Amino acid sequence: ALSHVYSWRGKSNITVGKLLIDLWRKDEMSLGVARTPQWLIKDLHKPLMGKVQMGCVSSIPLPADVASPAIVEVSENIRAKIYTIFSKLGFNDIAGLSTMDYVTLAVIENYFEFKMFEVWQEVSVELERENVRPVSPDLDCLTEMKRMFEERTASIISSQRELLQNQTQQDLTEEQACYSKIIENHKQREKAFNDFYDYVNRTSDYSVLKASKEKQLTDIESSRLYTTTEDEEDEVLTTLQSNITTTVNVLWTFGGYYERYIDRKEFAVTVKTFGKQNYQ
């Protein structure tokens, strides 16, 4: 059954998770629940309570056999049913949801806890109306429940804001990547135009073609390795070794080879070139 629910698609390819969240929002709008334009929790102390439920709160203590507004509200809307369905489907990795949907889903996931805290609030208010002071352990328990409720609600609001901030940062990153792609495309077009313009100049203007050829030859000449000649002066290399003997090195190059005659004179080495490279 769950596999069928997961694979179900409605109009505009809507998923079951998206449909349930839309129904939740419509229900909260009809109940008058306080929400921000981004569907964040607006009232820290009343995350689920709407204007309809607050209007049902009476200043007169209710009899013991009468359900409180927090309990009656469960049967008068579909939010409890939506929470039950999501409890079976799971609250993570729901297909077809946007960041705004996950903001609402954070409230749905904590629906049971919020409703439980509402009941405890009604118990505390009912005791005050009847001028009943709980014993110290019970009073501490009520105080602790209120503190936990406020901390939990604040934590959920913080997670909702973090979701929106992450989405904003992701949108900025994608926008920057799009702009970078556009700039790169313009650069490629400009380069292609300049290359074509240069090609037209070289094929239609002889002076430009001649200058381009000279530049090409200059680049080729500058890229060649440095070579020694017969007229080069002796190069003196200092050394601290006194037992160097006379050697002849044959160095191969791209254009041929040449020999170097090395002789020690007073702790120095004299290098003479006896060959000439034959570069073409």
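You'll find the protein chain entered in an unreviewed UniProt entry as Cilia- and flagella-associated protein 69 ARM repeats domain-containing protein, with Paramuricea clavata given as the organism.

Participant: Please explain the packing of helix H6 (residues 99-109) against helix H8 (residues 136-204) as it appears in this structure.
Facilitator: Packed helix pairs are characterised by how far apart their axes lie and by the angle those axes make with each other. Put simply, H6 and H8 touch, their axes get as near as 10 Å, and they point 170° apart. Relative to H8, the element H6 lies roughly antiparallel. Contact residues: Thr 99, Met 100, Tyr 102, Val 103, Ala 106 and Val 107 in H6; Ile 156, Gln 160, Leu 163, Leu 164 and Gln 167 in H8. The residue makeup of the contact of H6 with H8, split by class, is 8 nonpolar, 3 polar and no charged.

Participant: I keep staring at the packing of helix H4 (residues 69-76) against helix H7 (residues 111-129) and nothing clicks. Help me out?
Facilitator: Look at H4 against H7: their axes get within 9 Å of each other, and the N-to-C directions meet at 145°. Contacts between H4 and H7 involve Pro 69, Ala 70, Ile 71, Glu 73 and Val 74 on the former and, on the latter, Tyr 111, Lys 115, Glu 118, Val 119 and Glu 122. For the contact of H4 with H7, the per-class residue count stands at 6 nonpolar, no polar and 4 charged.

Participant: Help me understand the environment of Thr 168, please; the structure alone is not making it clear to me.
Facilitator: With respect to the secondary-structure elements, Thr 168 resides in helix H8. Judged by its relative accessible area of 45%, Thr 168 falls in the partly exposed class. When the C-alpha atoms of Thr 168 and Thr 99 are compared, they prove to be 9.8 Å apart, with 69 residues separating the residues in sequence.

Participant: Explanation requested: H4 in the structure shown.
Facilitator: Each full turn of the α-helix corresponds to 3.6 residues, which orients residues three or four apart in the same direction. The complete set of buried residues in H4 reads Pro 69, Ala 70 and Glu 73. Viewed along the axis of H4, the buried residues span an arc of 95°, placing them on a single side of the element.

Participant: Help me understand a nonpolar patch on the surface, please; the structure alone is not making it clear to me.
Facilitator: Side chains of Trp 8, Leu 19, Leu 23 and Ile 78 sit close together on the surface and give an oily, nonpolar patch of about 290 Å² of accessible area. Of note, Leu 19 is situated in helix H2 (residues 16-31). For Leu 19, a relative accessible area of 32% gives the class partly exposed.

Participant: For this particular structure, what's the right way to read the packing of aromatic side chains?
Facilitator: Per the stated rule, a full pass over the model turns up 6 aromatic pairs. On the basis of an interplanar angle of 20° and a centroid distance of 6.1 Å, the ring pair of Phe 86 and Phe 91 is categorised as stacked. Just as Phe 86 is buried, Phe 91 falls in that class too. Ring geometry for Phe 193 versus Tyr 197: centroids 6.4 Å apart, planes at 20°, classification stacked.

Participant: Quick question: what am I supposed to make of the pattern of salt bridges here?
Facilitator: Side chains that differ in sign of charge can pair as their charged atoms come close. Under the definition given, this model contains 12 salt bridges. Among the salt bridges present, the one from Glu 28 reaches Arg 35, with a minimum N-O distance of 2.8 Å. With its nearest N and O atoms 2.6 Å apart, the salt bridge here joins Glu 151 to Arg 147. One end of the pair is Glu 151 and the other is Arg 147, both in helix H8 and 4 residues apart, which spans about a single turn. Beyond isolated ion pairs, a larger network of salt bridges with shared partners links Glu 28, Arg 35, Glu 73, Arg 79, Lys 115 and Glu 118.

Definitions and cut-offs
- Residues numbered from 1 in each chain as written.
- Predicted model: local features only at pLDDT ≥ 70, side-chain atom pairs only at ≥ 80, totals over all residues.
- Heavy atoms only, no water.
- Axes fitted to C-alpha atoms, helices over the stretch in contact; angles between N-to-C directions.
- Helix = DSSP H or I, 4+ residues; strand = E, 2+ residues; numbered from the N terminus.
- Parallel < 35°, antiparallel > 145°, perpendicular 65-115°, else oblique.
- Contact = heavy atoms within 4.5 Å.
- Nonpolar A, V, L, I, M, F, W, Y, C, P; charged D, E, K, R; others polar.
- Buried < 20%, exposed > 50% of the residue type's maximum accessible area, 1.4 Å probe, protein only.
- Arc of directions from axis to C-beta.
- Patch = residues over 30% accessible without salt bridge, like charges linked within 9 Å, V, L, I, M, F, W, Y side chains within 5 Å.
- Areas by Shrake-Rupley, 256 points an atom, 1.4 Å probe, with all protein chains shown as cover.
- Salt bridge = Lys/Arg side-chain N within 4 Å of Asp/Glu carboxyl O.
- Phe/Tyr/Trp six-rings, centres within 6.5 Å; stacked < 30°, edge-to-face > 60°.

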